[in-house]
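These are the residues of each chain, in order.
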Amino acid sequence: MAWKVVGANLFVQIETGTGRTVTHGRDAMHGRAADQREAAHLGIATGDPILAGAHEWSDADGVIVYGEWCLPQRLTIGYEYKI
């Protein structure tokens, strides 16, 4: 499927490309040892600690977007929010 870029809003691009609207998201993260593939991409040794994560965006019909990522140690991530 060819994706048509419709401005900067990723959700608009997903809806335009799939005809579906993301209504739910889930992020999961855990610390673990890097496997050989991850270590090679991150420039670290196999077995070094990483933070691995996955995200799913879905609607009532199921998953629309799924992604995985991993970060090396000593890298800070943060979220801002209003209370």
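Use the structure listed above.
In this report, the structure presented in the accompanying data block is examined. Being a predicted model, the structure only gives us computed values, none of them experimental.

So, on to the pattern of salt bridges. Scanning the entire structure with this criterion turns up two salt bridges. Residue arginine 20 is joined to aspartate 59 by a salt bridge in which the shortest nitrogen-to-oxygen separation is 2.8 Å. Placement of the pair is arginine 20 in the loop between helix H1 (10-18) and strand E1 (24-33) and aspartate 59 in strand E2 (residues 49-59), with a sequence separation of 39 residues. Taking relative accessible area as the criterion, aspartate 59 reaches 15% and is therefore assigned buried. Note that glutamate 38 and arginine 32 form a salt bridge whose closest N and O atoms lie 2.6 Å from each other. Judged by relative accessible area, glutamate 38 falls into the buried class, the value being 7%. Looking at arginine 32, the relative accessible area reads 30%, which means it is partly exposed.

Cut-off values and rules
- Residues numbered from 1 in each chain as written.
- Predicted model: local features only at pLDDT ≥ 70, side-chain atom pairs only at ≥ 80, totals over all residues.
- Heavy atoms only, no water.
- Salt bridge = Lys/Arg side-chain N within 4 Å of Asp/Glu carboxyl O.
- Helix = DSSP H or I, 4+ residues; strand = E, 2+ residues; numbered from the N terminus.
- Buried < 20%, exposed > 50% of the residue type's maximum accessible area, 1.4 Å probe, protein only.

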